[in-house]
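# Observations on the three-dimensional arrangement
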Amino acid sequence: MLKPTPIDPAEFSAAVLRETARLGVRLPRLQVLAETGSTNQVAWELAQAGAQPGTIVIALQQSAGRGQWGRQWSSPLGGLYLSRYFAPQLLPEDGAQLTLAAAWGLGQTLRDRGVPVALKWPNDLVVRGRKWGGLLTETRLVGGKIARAVTGLGLNWANPVPETGINATELFSELEFPELGSPERSHDQSSDQSVDRQLVDRPGLLDPSSHLDPSGHWVDRSSNSSKISDDSKISDGSNSLHGASALANQASQLNTPPLLPLTDFPAEGGPPIRSLAELAALAIAGLDRGDRQLQTGGIESFLADYLELLETCGRSVQVGDRTGIAVGITPRGELRVKFSDQLAAELHLPPGAVRLGYARSPQAPEPPGPDGGKVTDFLKNP
């Protein structure tokens, strides 16, 4: 698979602002970097410097992305790597609710857009059993309460993924949209002005599937990359962009095409999400949605809806020498596992107590194992 063409951070900032504005989301601060070690770390640094809750950090690639339990998150060019700083007021024992809320908000927002995403306890987004993305929430205590938090998100767009993962190019190809790469987006209906065809053809900014060859591989079909004019005074991405109005003024100086149609859903025949910038905006909206719902209604206000998205329910879970069935989660984020034997009928397992496997790519051979090659769930911290 060929790598996507690099995206200018300032151009991407303007595109994300345009998309979030269409979704009605206000960004107090947006910082887009060509590359950084960890967007979570940058978000913490901005928070320490006085950034407002709701601040967003996006990196086009990371060199030291972090996952759950200290794992490294692979972050090559082509994926979405985003962190959001916010200021909850939550008891430490309820800290898992922050990830539950973020996962629910993301899952519901993407489902509303037509993506068949599900949630895998405790922090993953999956499609057809394969990992599409993951969340990591970090917190700081003030006065005995969680007063500051950063949620980091990684989602696969056009970046390479392992056999148990899936990216958007593969996902949208599997969904069999008949008119991928439709030219309908090449005209700005909101302003009734034609759009530069070179920008429409920029890989990475627009529909990834329009750059697939017959075998499903990414192809750079642009002969020339569009350039920002010298007098546009757009940041090169090394500095923050402050305020929605400032970003809007900068965005207006770019000849960027609309990345969303006027309606809430894409035109018939196209993929549900047509660009990395649009995916970023939807992710921001989803994280904001989950945060607001938790603050205003508490965990009980969306727990039932979360369970509707949870693909973990009904799966077998091996705990020591006992096999149970996952039946849900508690309000504090513990996995509820029921057993049919005469011992404890139900156990509540905290995040990290068990590791649940993923489905594999249809093209990948199933690895050998003690149970005929099936993925086995096992107790991680007995």
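Residues numbered from 1 in each chain as written. Predicted model: local features only at pLDDT ≥ 70, side-chain atom pairs only at ≥ 80, totals over all residues. Heavy atoms only, no water.

Moving on: the sheet that holds strand β16 (residues 346–349). With respect to topology, four strands assemble into an open sheet ordered β13-β14-β15-β16, the strand pairing being antiparallel. Of all strands in the sheet, those bounded by a partner on one side alone are β13 (316–319) and β16. The average angle at which neighbouring strand axes cross in this sheet is 40°, direction not considered. Both strand β15 (residues 335–338) and β16 contribute to a ladder of four bridges, which runs antiparallel. Directly across from K338, in β16, lies its bridge partner E346. (Pairing = 2+ DSSP bridges. Helix = DSSP H or I, 4+ residues; strand = E, 2+ residues; numbered from the N terminus. Axes fitted to C-alpha atoms, helices over the stretch in contact; angles between N-to-C directions.)

It is at 7 Å that the axes of helix α3 (residues 96–112) and helix α7 (residues 276–297) come closest, and there the two elements cross at 130°. The angle between α3 and α7 places the two elements in the oblique class. Relative to α7, α3 is oriented so that their crossing is right-handed. Facing Q97, L98, A101, A102, W104, G105, L106, Q108, T109, L110 and D112 of α3, the residues of α7 in contact are L279, L282, A283, A285, G286, L287, R289, G290, Q293 and L294. The residue makeup of the contact of α3 with α7, split by class, is twelve nonpolar, seven polar and two charged. (Parallel < 35°, antiparallel > 145°, perpendicular 65-115°, else oblique. Left-handed = near helix turned anticlockwise from the far one by under 90°. Contact = heavy atoms within 4.5 Å. Nonpolar A, V, L, I, M, F, W, Y, C, P; charged D, E, K, R; others polar.)

Before going further, it helps to spend a moment on α7. With 22 residues, α7 ought to run about 32 Å at 1.5 Å a step, and its terminal C-alpha atoms sit 31 Å apart, in line with that. Two residues or fewer after α7 comes G298, characterised by a positive phi angle close to 75°. (Expected span 1.5 Å × (residues − 1).)

Looking now at the pairing of strand β8 (residues 130–142). The two faces of the sheet receive side chains in turn, since in a regular strand these alternate between them. Of the strand pairs in this sheet, strand β7 (residues 124–127) and β8 are connected by four bridges, and their pairing is antiparallel. Paired with D124 across the strands is G134, a residue of β8. Pairing geometry for β8 and strand β9 (residues 145–155), over ten bridges, is antiparallel. Note that in β9 the partner of L135 across the bridge is L153. Hairpin connection from β8 to β9: two residues lie between these consecutive antiparallel strands, with G143 at a positive phi of about 65°.

Moving on: unusual backbone geometry. Here W121 and P122 are connected by a cis peptide whose omega angle stands at 0°. A positive phi angle, close to 55°, is found at R128, a residue other than glycine. Within the secondary structure, R128 is located in the loop between β7 and β8.

Position of N123 among the secondary structure elements: in the loop between β6 (118–120) and β7. At 2.7 Å, the side chain of N123 forms a polar contact with the backbone oxygen of L135. (Polar contact = N/O pair within 3.5 Å; in protein donor to acceptor, adjacent residues only side chain to side chain.)

For the chain, per-residue confidence averages 74 on the pLDDT scale, and 64% of positions sit at 70 or higher. Per-residue pLDDT stays below 50 along residues 178–267; that stretch engages in 175 contacts with residues further than four places along the chain or on separate chains. When the criterion is pLDDT under 50, residues 365–382 qualifies, and its contacts beyond four places in sequence or with other chains add up to 33 contacts. (pLDDT = per-residue confidence, 0-100.)

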